Each structure stands twice: as C-alpha cells, then as structure tokens.
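Overview (structure and organization)
Take a look at the letters that make up each chain.
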Amino acid sequence: MITKTVPSATDTVRLYRTLRYIRRVEEEIARIYPSDKIKSPVHLSIGQEAIAVGACDPLMSEDFVSASYRGHAAYLAKGGDLKKMMAELYGKKDGCAGGKAGSMHLIDMPNNVLGMSAVVGTTIPVAAGFALSLKRKAEGNVIVAFMGDGATEEGCFGETLNFSSLHKLPILFVCENNDYAIHTPSSKRWATDRLCERVATYGMPAVRIEDGDVLAIREAATRHIDNMRNGGGPAFLECATYRWREHVGPGEDYESGYRDRNELAAWIEKDQVPRLGGMLSTDEREAIDAEIESTITEAIAFAENSHFPDTNQLMAHVYAE
Amino acid sequence: MQNKSTHSDRSLAYVDALREGMEQEMADDPQVFVFGLDVDDHKAIQGSTKGLLERFGPERVFGTPLSEDAMTGVAIGAAMAGMRPIHVHIRMDFMMLAMNQLVNIGAKAHYMYGGQVKVPLVVRSMIGKSWGQGAQHSQGLHSLFMHIPGLKVVAPSNAYDAKGTMIAAIRDNNPVIFVEHRLLYYTEAPVPEESYVVELGKGRVCREGDDITIVGISNMLMEALRAQEILQDAKVSAEVVDPITLHPMDIDTICESIEKTGRLLIVDNAWTRCGASAEIAAQVAERFGGQRAIPIKRMGFADTPCPTTPALEDVFYANPVTIAKAAHTMVHPEDDGWTPNPEKATLSYQSQFKGPF
Ligand SMILES: Cc1ncc(C[n+]2csc(CCOP(=O)(O)OP(=O)(O)O)c2C)c(N)n1
Ligand SMILES: [Mg+2]
C-alpha cells in the first residue's frame, strides 16, 4: 500500500505556507496589474486557495495536476515554478511557455503541472488520458483534475466520468464550486444542485465539502488518492468555495449587482489563511511570511528583468520535431 | 430594399448597431429570441444584448448552462419548429463545441429532409484580439463554416453593415454564421434608425482606386482602409472592397474591381490556408484564367496558433504597414524598399483597447 504520511505538526506549517504563498502571489498580481505589465486576462483564485492546497497536499512529485484558466493556485500548490509563472504573465521569454501561454494556459511539465485551457471543460478528458497512461505504468501515481462548477455542464464532463469509472482510472476530480460561472449563479444553470448524486451514478465515490475547510479537503483527498494508488478507481470531490474578486481581472465586482457583498463576508469568516496561521506561533508565522515575501519579490524581479521573446520564436513549436 | 438608406446623420457604434438590429427584429417578430451563455448578465456580451432582457423578458432573452453542443441542437430544433433563434457565443473559439450540430444537422436538414424543414438560425460569435487573448480566444474560424453547403457566413466590418446584415440574417430561412470582431465593437458609422437590410451575398467597394484591389475581411477591412491612406503617400491608388458576406461570396464585385486595377491583395482575419482568402483567390483565378494574368497575394494570421505575448502577437497579425508595403510591392515590384511612415501605422481604435477583456 503506497501512502504518504507526514507528521501532523508539520502539516499545519506546510498547509499554511502554501495557502499564504498562493494568496500573496495573487495579491501581488492584482497590485501589478494596473501597470499594464501583465497583458493577459487573469482569473484569480483569491478565496479559493484551500481547495488546491488541500487536494494537492497528498500528492507526490510524480503525480499530476490539471486545471482550468483559473489555475494559478493549482500550479503553485503542485510546486510549479513561480519565476516562470510570473515571467509568463509578463509575456517574457523565460516564462513557462516562453510567452505563448499567458495566465490562462500555464504549464510546468517538470513539476507535472499539465497545460491549462481557456475553453471550459477541455482539460477534463485530457486529464483522464494522463490517468490512462498512469494506470498502464502501474507505479501508483494519480492525477488531480480541477474544474469549475460551470465545467460540469459540458458534455465532456459526464463522458469523462463514465470512461474513467469504466476503466478504474487513477483520477481525482475536484470541482471548485464557487457557485458562479462568470456572473450566473448555478441556480440559473442547474435544474438541481445534487451534483454529487449525479456523479455517483457513474460508479465512483462523490463527496461534497461545505466550508472550504482545508483540513477536510486534504483528508478526503488523501483517503481517495490512497485508494486510487491501489487500483480503487476515480473519485469526485465537490468543494464549495467563493471567488472574492471579479471573474477576470484584478478587482472586485460587488457593485455590479449580480451578487451581494454579504456573500463574501460569510466566506471571509471561513478564510483558511488566517485560520491555519492562527494555529502557529507568531514567530513561526512571521518567519514563513518573510520567506514568502522574499520568494515573491525575487520572482517579480525575475519577470521584470527577463526579455521579451525574439520574433523568430513566433514560428517555433508549431510542429514537434 | 437593399441599402435603402445609406445616409444617416446618426453615428452609432458597431455594438449598438448589432443590438438595434436584433431589437427591431424582436419587436417585429415574436418568434425571434436570443439565448446563449451570459446574454442576460449585466455585461450583456460587451453590451450587444443590453436592454433586450428588460424589453422582451426572460422567455425571449436567456442565458444557458455551459453546454454549447446541446444548446446548438436546441437552437436548431426550435428553428425547425418555427422559431427564429439567435444563439450567441462570446468567442468564435467556443463554436468548436457547436460544430457537430451545425455541420451534421443544421446545415443539411433542409436538403437531407427533402425541403420539409428549414433552420432559420443565427449564430453570433466574436473574434477576439490582443491583451493576451492567445491561442484559444482569438481565432477567426469562418472558413470552416464557409466550407459547408447550407450555411451562410457573414462578417460585417462596420456598424452600418452590422445592423443591416443582422436583420437580413434573422429574416433568412437558413443557418447564418454571424462573425463579429471584438475590436470593431466601438467603431462608429452612420446608421439609420429605421430597420433596413444589407442583403446577404452582396459586397461593396469602400474606396475607389486604380492600381490595386485590396479585399479586407472583418477587422482587416479597417486595417486595409488605413493601408489605403498610407499608400496615398506613395501615390499608389488602392481600391478597397468589403465582401461583407463570405458565403455566398459576391465575387462579381471583386472581379469588377480587378478588371480595373489588375491586381489583388486579400487580407483576412484568419489563416490563409484553405481560408476565405484562398477561396477568393481561387474564384478570381478561375474567372480570369486564360484571359489575363492577375497578380494575387494573400495575407492573414501567421501560420501558427496565436501567441499571447505582445512581442509575438505584433508579428502574428497583418497591420496597415505590412498591408501597405505588400500592396506597394505588388504595384511597384521594381521598388520594394518603400517603407511607410510609422506614425501612421497604428490604428487608434486598436491602441485604445485595454484588457482584461
Ligand atoms: C466552452 C466555453 N464556453 C464558454 C466560455 C466562456 N467562459 C469562460 S469562464 C466561464 C465560466 C466558467 O465557470 P466555472 O466552470 O464555474 O469556473 P470559474 O470561472 O467559476 O472558476 C465561461 C462561461 C469558455 N471559456 N469556454
Ligand atoms: Mg464557478
């Protein structure tokens, strides 16, 4: 039985560090954005970090993640390279895709972060394809496939669930249910909200986690992933969450009328960053925070100092050698 | 009925012209309805569906789940049943999820079922550009649809045509793929207040000239007009033609222009291979074949997916300078060192565009 057990004292430190790291990276992106140095649509995960952090925590470096255009959190939680991410957002040649991806198509293959897609739902079956190959390799590795609630409405979602269950693929589907697809609440898109029941009929465990509790998400992910490493087949986690910022861009959008700032207030109370931070001593927390700030400062400097790609790069990579 | 009133004192933005065209048809015909992702939110597809929900209510203006494939089938079924749906996609790239229904059912139902049903459907979508729209939010895929018998494809380049072709598309008894461009949305033109039709399948000479014919498609028509101005500095007189409808294509108007100029440059807002520009070039070659040698050149996207970084995006698209240079070289092959004044290069409406969307 392959499992990953880590002493729980360090769990808190590790989870807090990753939560805070992602939060601060995205806050910095939002701060830089008005300077127009980042000419890329950014879909921030601020407020939703606990899902990526909790679900990626049980992963080993050989495991994979796949995510949507709202993918900064999954990229960083899996250990994606921050310098390359920042340079990519700046459109620079040292970016993870040399400036061809921008924020919406981040990728870091050395760290097993699959390329993201701006067409909703498209990465779900692609992740299952990776899962198929992981199953053949039989080394106990898995993939976590993140998606939004809106993505579950695309045909390929149900089609992929069926195939994955049929073939007992080692894939953990994680739905980041922030209740909105752009500005439209799920009540205007779903005939019922019984998503987990729908998924369960494909023959896989499907669990909803209500409060964005990073420990609960981590616990559920660990359980299903351990099972999957031993041939148990796919599982589905629906994690309720809330997008604090606008759908795309650095700002807030509570004045536009489609949602109420009170919704945010309830989620700020459940924010996992201060919650986990509160479990640490002040000294411990401050040391972590300082380390995070210097990592981010370094990454921004790296992006600023990197050059734009040479125009001869336009034709590179149309076809593989 | 065509171009009944080309003159109007009122200047209107492309986006408002689209909206007005839909609104007038909805007022005239209760069978017309608008649906698609986010048509009913406060952003209203960059404003192009603004006010329709308030005026016509949620039965005729409604958002959908993220289910483009099925929603396209629903649109086709409703059209067969006698309704006149307008299905909206905020990006043309998302129409790839609608392909099966459009190509295998929508386009062929009238023929395949021996004329017993028709599919009066309009599918609106927008081509994106700039601010890192990148590989999946900027594709001009109109030629895929031009390939399919039974579909019509229209790509208006200005507010006047946007309204007139929208009304024509809604009244048409066939599926019409209606191609918009994000950067055209705030460009203005004189637009009459009353309802009018710009007939599908008719192009227009936008600027008269003698030395070369430049055909510009969608947003590239605007770039071609700027190139035409730049070329005047070099005493090259370009005639600029807007096909407006891509299928059926008004090849006569293009060929009449070529009769006069003897040269053809086609600038598309898409790739050239198997594209609208290839189709125009082929039809022109067939028309003049054996009678007259016509130099033809095509310009379009670089033969790559669209990169997000501005450093590469700048060389991905044709622009007024590259268009003017290419036209100049065609007219004066002996002198291809001419370079236009870079000040004139940037189109003001393009440099104004700022993201995220
Ligand atoms: C196939 C497709 N249709 C429509 C869109 C436009 N779009 C971009 S994001 C989005 C909403 C997605 O919502 P959800 O899956 O819940 O993810 P979230 O943005 O909330 O993380 C839509 C409709 C798209 N990118 N792709
Ligand atoms: Mg959502």
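Values in this document were obtained by computation on a predicted structure and should not be read as measured data.

**Side note on the coordination of the magnesium ion (ligand 2)**
Residues and elements named next belong to chain A. Protein coordination at the magnesium ion (ligand 2): the donors are Asp 149 (OD), Asn 178 (OD1) and Tyr 180 (O), at 2.1 Å from the metal. Between the donor residues of the magnesium ion (ligand 2), the gaps in sequence give the motif D-x28-N-x1-Y. Looking at Tyr 180, the relative accessible area reads 6%, which means it is buried.

**So, the pairing of strand β2 (residues 143-148) of chain A**
Residues and elements named next belong to chain A. Most of β2 sits inside the fold, with 5 of its 6 residues counted as buried. As paired elements, strand β1 (residues 64-66) and β2 share 3 bridges and run parallel to each other. Following the sheet pairing, Ser 66 is matched in β2 by Ala 145. Sheet analysis places β2 next to strand β3 (residues 171-177), joined by 6 bridges and oriented parallel. What sits directly across from Phe 146, in β3, is Val 174. Handedness of the β-α-β unit built from β2, helix α6 (residues 155-166) and β3 comes out right-handed.

**Concerning the sheet that holds strand β7 (residues 235-240) of chain A**
All names here are of chain A. Taken together, 5 strands build an open sheet; the order of strands is β1-β2-β3-β7-β6 and the sheet is parallel. At either end of the open sheet lies a strand with only one pairing partner, and these are β1 and β6 (206-209). For this sheet the average axis-to-axis angle between neighbouring strands, irrespective of direction, equals 20°. Sitting on the sheet, helix α2 (residues 49-56) is in contact with β1, β2, β3 and β7, with an inclination near 165° to β2. Against the sheet, α6 contacts β2, β3 and β7, and its axis sits at roughly 150° relative to β3.

**Some details on the packing of aromatic side chains**
One pass over the full model with this rule turns up 13 aromatic pairs over all chains. With 6.3 Å between their ring centres and 65° between their planes, Tyr33(A) and Trp131(B) make a pair best called edge-to-face. Of this pair, Tyr33(A) sits in the loop between α1 (8-32) and α2 while Trp131(B) sits in the loop between β5 (122-127) and α6 (142-146), which puts the two residues in different chains. Residue Tyr33(A) is classed as buried on the basis of its relative accessible area of 5%.

**A word on the domain arrangement of chain B**
Residue and element names in this part refer to chain B. You can read the domains of chain B as domain 1 (11-190) and domain 2 (204-348). Just the C-alpha atoms count here: the centres of domain 1 and domain 2 sit 27 Å apart. Contacts between the two partners involve 29 residues from domain 1, matched on the other side by 30 residues from domain 2. Across the domain 1/domain 2 interface, buried area totals approximately 2,200 Å², and carbon plus sulfur atoms make up 57% of it. When the area that domain 1 buries against domain 2 is broken down by residue, the three leading residues are Lys 129, Met 146 and Ser 157, summing to 24%. Between Asp 161 and Arg 204 there is a salt bridge; the shortest N-O distance is 2.7 Å. At the boundary of domain 1 and domain 2, one finds 9 residue pairs in polar contact (both at pLDDT 80 or more). Of the residues that constitute the side of domain 1 that touches domain 2, the class distribution is 12 nonpolar, 14 polar and 3 charged.

**A closer look at helix α5 (residues 123-137) of chain A**
All names here are of chain A. The end-to-end C-alpha distance of α5 is 21 Å, a good match for the 21 Å that 15 residues give at a rise of 1.5 Å each. Residues Thr 123, Ile 124, Ala 127, Ala 128, Ala 131 and Leu 134 constitute the buried set of α5. One face of α5 carries all of its buried residues, which in axial projection span an arc of 140°. Of the surrounding secondary structure, the elements contacted by the buried residues of α5 are β1, β2, α6 and β3.

Reading guide: rules and limits
- Each chain carries its own residue numbering, running from 1 in the direction its sequence is written.
- Labels follow written order: the first chain is A, the first ligand is 1, and so on.
- Local features in a predicted model are, by the rule used here, given only for residues with pLDDT of at least 70; side-chain atom pairs are given and counted only at 80 or more, and totals for whole chains, interfaces and linings are based on all residues.
- Think of the side-chain values as coming from all heavy atoms in the structure, minus any hydrogens and water.
- In this listing, donors mean N, O and S atoms no farther than 2.8 Å from the metal, or 3.2 Å for Na, K and Ca; water is missing from the atoms, so a site can look incomplete.
- A 1.4 Å probe rolled over the protein chains alone gives each residue an accessible area, and that area as a share of the maximum for its type sets the label: buried under 20%, exposed over 50%, partly exposed in between.
- Strands are runs of DSSP state E lasting at least 2 residues, helices are runs of H or I lasting at least 4, and numbering of each runs from the N terminus.
- When DSSP finds two or more bridges between a pair of strands, those strands are recorded as paired.
- Looking down the strands as they point away from the viewer, one classifies a crossover as right-handed if the path from the first strand across the helix to the second runs clockwise.
- Axis angles are defined between N-to-C directions and span 0 to 180 degrees, where every axis is a line fitted to C-alpha atoms and, for a helix, only to the segment in contact.
- Contacts are residue-level and defined by heavy atoms, with any inter-residue pair within 4.5 Å sufficient.
- Working definition: a ring pair exists when centres of Phe, Tyr or Trp rings (six-membered ring for Trp) sit within 6.5 Å. Plane angles under 30 degrees give stacked, over 60 give edge-to-face, the rest tilted.
- For every domain, the bounds stem from an assignment made automatically or drawn from a database.
- Buried area: the accessible area, evaluated with a 1.4 Å probe, that two parts lose upon being put together, summed over both parts.
- The salt bridge definition used is simple: a Lys or Arg side-chain nitrogen within 4 Å of an Asp or Glu carboxyl oxygen.
- Pairs of N or O atoms are called polar contacts if they sit within 3.5 Å, as long as, within protein, a hydrogen donor faces a hydrogen acceptor (for residues adjacent in sequence, only side-chain-to-side-chain pairs).
- Residues were grouped as follows: Ala, Val, Leu, Ile, Met, Phe, Trp, Tyr, Cys and Pro as nonpolar; Asp, Glu, Lys and Arg as charged; and all remaining residues, including Gly, as polar.
- To estimate the expected span of a helix, count its residues, drop one, and scale the result by 1.5 Å.
- This arc corresponds to the set of directions leading from the helix axis out to the C-beta atoms.

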